Amino acid sequence: SLSGQQLAVADDPVSKHFSDAFASLEGVDVATITGDPQGSLAQRIAHAQQLKEAEFKQTFMVSAQEAAEIRAIAGGSELDLDKLAPSAAERLDVLYSSINAKVGYSLQETLGTQPIKATSDTVANAYVEHVNAQLTAAAKTLREAR
């Protein structure tokens, strides 16, 4: 009050509003109630928490839709990437990148190597072809391991 005396909570409308709002939270488990952005304070808190949980799941967890799409592309236990249609292989790569971005782990798509160019020496070219074949095989193994 202006006189310096302490007011009771009921005498101050702002204090009463906050006191009543916080009292409405007493004994309420916001994890178990249905969230409502226009509801009581507990319902609004539950709604905000549910939005945060949904955002977390979307950001860091593999969705059932993504898993089902991978199963549909794979079509069985043995997946031969060479037999996939180009569009399916591309979609699988997109899903791989998306999922690994969520979980924070990703294996390189390529070795970062380039084929060695042929030389004018025919003996050396046999070796170059052998090395290039090994690079191709290693790249295929890496892709299949992803």
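Since the structure is predicted, the reported quantities are computational estimates derived from the model, not experimental observations.

Conventions used here
Residues numbered from 1 in each chain as written. Predicted model: local features only at pLDDT ≥ 70, side-chain atom pairs only at ≥ 80, totals over all residues. Heavy atoms only, no water. Core = buried A, V, L, I, M, F, W, Y, C linked by side-chain atoms within 4.5 Å. Buried < 20%, exposed > 50% of the residue type's maximum accessible area, 1.4 Å probe, protein only. Helix = DSSP H or I, 4+ residues; strand = E, 2+ residues; numbered from the N terminus. pLDDT = per-residue confidence, 0-100. Salt bridge = Lys/Arg side-chain N within 4 Å of Asp/Glu carboxyl O. Axes fitted to C-alpha atoms, helices over the stretch in contact; angles between N-to-C directions. Left-handed = near helix turned anticlockwise from the far one by under 90°. Contact = heavy atoms within 4.5 Å. Nonpolar A, V, L, I, M, F, W, Y, C, P; charged D, E, K, R; others polar. Patch = residues over 30% accessible without salt bridge, like charges linked within 9 Å, V, L, I, M, F, W, Y side chains within 5 Å. Areas by Shrake-Rupley, 256 points an atom, 1.4 Å probe, with all protein chains shown as cover. Phe/Tyr/Trp six-rings, centres within 6.5 Å; stacked < 30°, edge-to-face > 60°. Expected span 1.5 Å × (residues − 1).

### So, the nonpolar core
A general trend in soluble globular proteins is that nonpolar side chains are found buried together.
Part 1: Core analysis: the largest hydrophobic core is formed by seven residues, namely Ile73, Leu81, Leu84, Ala88, Ala89, Leu92 and Leu95.
Part 2: The dominant element in this core, judged by the number of residues it contributes, is helix α4 (residues 86-103), at four residues.

### A few points about the confidence of the model for the protein chain
Part 1: In this model, the protein chain carries a mean pLDDT of 86, and residues with pLDDT of at least 70 account for 92%.
Part 2: Across the protein chain, element-level confidence peaks in helix α2 (residues 41-60) with a mean pLDDT of 93 and bottoms out in helix α5 (residues 122-145) with 85.

### Re the pattern of salt bridges
Part 1: Applying the stated criterion to the full structure yields three salt bridges.
Part 2: As a salt-bridge pair, Lys16 and Asp20 come within 2.9 Å of each other at their nearest N and O atoms. Pair noted here: Lys16 and Asp20 are both in helix α1 (residues 13-24), with a separation of four residues, about one helical turn.
Part 3: By relative accessible area, which is 36% here, Lys16 ends up partly exposed.
Part 4: For Asp20, a relative accessible area of 42% gives the class partly exposed.

### Here we look at the packing of helix α3 (residues 64-74) against α4
Part 1: At a minimum axis separation of 11 Å, α3 and α4 run at an interaxial angle of 145°. Every pair of crossing elements has a handedness; the one defined by α3 and α4 is left-handed. Residues Glu66, Glu69, Ile70 and Ile73 of α3 form the contact with α4, whose own contacting residues are Ala88, Arg91, Leu92, Leu95, Ser98, Ile99 and Lys102.
Part 2: Classifying every residue of the contact of α3 with α4 gives six nonpolar, one polar and four charged.

### What to know about a nonpolar patch on the surface
Part 1: A contiguous nonpolar patch, built from Val14, Phe18 and Phe22 and spanning about 330 Å² of accessible area, is present on the exposed surface.
Part 2: Along the chain, the position of Val14 falls in helix α1.
Part 3: Note on Val14: relative accessible area 52%, which makes it exposed.

### Structural notes on the side chain of Glu66
Part 1: Position of Glu66 relative to the elements: it lies in helix α3.
Part 2: Accessibility expressed as a relative area gives 11% for Glu66, which makes it buried.
Part 3: For Glu66, the residues in contact, after removing those within four places along its chain, are Met61, Leu95, Ser98, Ile99 and Lys102.

### Considering the packing of aromatic side chains
Part 1: Applying the stated criterion to the full structure yields two aromatic pairs.
Part 2: For the ring pair Phe56 and Phe60, a centre distance of 5.1 Å and an interplane angle of 45° mean the geometry is tilted. In this pair, Phe56 and Phe60 are both assigned in helix α2, four residues apart and thus about one turn of the helix distant.
Part 3: Classification of Phe56 by relative accessible area gives partly exposed; the value is 48%.

### Side note on α4
Since one α-helical turn is 3.6 residues long, residues separated by three or four positions face the same way.
Part 1: In this model α4 runs 26 Å from its N-terminal to its C-terminal C-alpha over 18 residues, within 8% of the 26 Å that 1.5 Å per residue would give.
Part 2: Here α4 has its buried residues at Ala88, Ala89, Leu92, Asp93, Leu95, Tyr96, Ile99, Asn100 and Lys102.
Part 3: Within two residues after α4, Gly104 carries a phi angle of roughly 80°, on the positive side.

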